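# Working through the structure, step by step
Residue strings, one per chain:
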Amino acid sequence: MVCCTAAAVLVGCTSDSKGNGLNLGTTPAASSTSTTITIAATTTTTTMVTVAPTVEGTTTAATKNPTTSSATPPTSPPTDTTSISTAPATVEARVEADYLAARQAAKACSFDPASCDFAAVAIPESPVDVQTRLAAKRNVEANLRAKEGFGDILLRVEEVSAVGDSAFVTSCAYDTVVIFDIADPANPDDDIVFDGDKVSTRVRWELRQKNGHWLLYKGTPLDRRDGGDLCGF
C-alpha cells in the first residue's frame, strides 16, 4: 500500500511514506545564522509589567488646637497593568514563527489524521494543502498513525526572506518518526510498524498570507538523504 503521512508531506512526499521519487536539485549553502530546533508548538510570550503609582506628598492642615491635625490622604491612582507582547519585530521573524507553527500543525496530523487542522498548515487548495489532505485521508483509511516516543522531526531553519506577497524559508529536516498500523486502537500491543525509515531533506518553502498569518504554499526539494542525516544534527 502506498501511503504518505502528513509529517512526510513536509519533507516532500510523492510516491511513498517518506517521499521517494522526488527530483532533487542542488544543495544550497547554509546560513551562518541558522538555528536548530525540535518542532514544538510556537507560542507568543507575554510579559506582564506592573506600573507602580506615583504618590503625591501629604499636606497637613493646622487648626487652633495644636494637639490635633487633619491630613488629606494621598490620592493613589489605580494600578496600571500593561501587557507587553514580545511578538517578532521583523517580517522575517514573523515568517519564521508562522512557518514553525505550520510545521507543528502538520506534524500533529501524523498522530491524529482524523483531526488534522488543515487551515493551520497551508493555504487552501495550494499544493501543500492538497498533499496534506490526501495523506491524512489515506492514513485514516489505512488506520496508520504515529505514536509519541517513536522518532521525531529535527528541523533547522537556514534562510528566510520575503518578496512581495510571498515569503521563502529554506530548511533542513531529519525525519525519524515511526508510522504504525494500528490494528486495534484499544490494544496498543498489536500495533505493527508500517514505516520506520529515516529520511532527511533540504527544501525551499514558499509561504503566502491568509488572515494575517503566513502559511505553507508549496515546497521545492533541494537535497535528500535516505537512511541518514544530511543536516548535521
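What comes next concerns the included structure. (Residues numbered from 1 in each chain as written. Predicted model: local features only at pLDDT ≥ 70, side-chain atom pairs only at ≥ 80, totals over all residues. Heavy atoms only, no water.)

### Thoughts on the overall build of the chain
Within the chain, the regular secondary structure consists of 3 helices and 12 strands. Counting across all 233 residues of the chain, residues that qualify as buried make up 37%. Counted over contacts in the chain with a minimum sequence separation of 6, partners at least 24 positions apart contribute 67%. Counting only carbon and sulfur atoms, one obtains 52% of the accessible surface of the chain, whose full area is about 12,700 Å². (Helix = DSSP H or I, 4+ residues; strand = E, 2+ residues; numbered from the N terminus. Buried < 20%, exposed > 50% of the residue type's maximum accessible area, 1.4 Å probe, protein only. Contact = heavy atoms within 4.5 Å. Areas by Shrake-Rupley, 256 points an atom, 1.4 Å probe, with all protein chains shown as cover.)

### Some thoughts on the pattern of salt bridges
Across all of its chains, the model carries 8 salt bridges by this definition. For Asp129, the salt bridge is made with Arg133, and the minimal N-O distance between the two is 3.0 Å. Taken as a pair, Asp129 and Arg133 lie in helix H3 (residues 127-142) at a separation of 4 residues, close to a single helical turn. Residue classification places Arg133 among the partly exposed residues on the basis of a relative accessible area of 41%. Between Glu158 and Arg202 there is a salt bridge, with its nearest N and O atoms 3.0 Å apart. In this pair, Glu158 sits in strand E7 (residues 153-163) while Arg202 sits in strand E11 (residues 199-210), placing the two residues 44 residues apart along the sequence. With respect to class, Glu158 is no different from Arg202; both count as buried. (Salt bridge = Lys/Arg side-chain N within 4 Å of Asp/Glu carboxyl O.)

### A few points about the sheet that holds strand E6 (residues 144-146)
Spatially, E6-E9-E10 is the arrangement adopted by the 3 strands of the open sheet, whose pairing is antiparallel. In this open sheet, the two strands that pair with only one neighbour each are E6 and strand E10 (192-195). Between one strand axis and the next, the sheet turns by 45° as a mean value, whatever way the strands run. Here 3 bridges tie strand E9 (residues 179-181) to E10, and the two strands are oriented antiparallel to one another. Bridging from a neighbouring strand, Asp181 pairs with Ile192 of E10. (Pairing = 2+ DSSP bridges. Axes fitted to C-alpha atoms, helices over the stretch in contact; angles between N-to-C directions.)

### Description of the state of the cysteines
Inspection of the entire model under this criterion finds 2 disulfides. A sulfur-sulfur distance of 1.9 Å marks the disulfide that ties Cys109 to Cys116. Measuring handedness by torsion sign, the sulfur bridge of Cys109 and Cys116 sits at about 70° and is right-handed. A single burial state applies to Cys109 and to Cys116, both of which are buried. (Disulfide = S-S within 2.5 Å.)

Any link to function would need more than the numbers given here.
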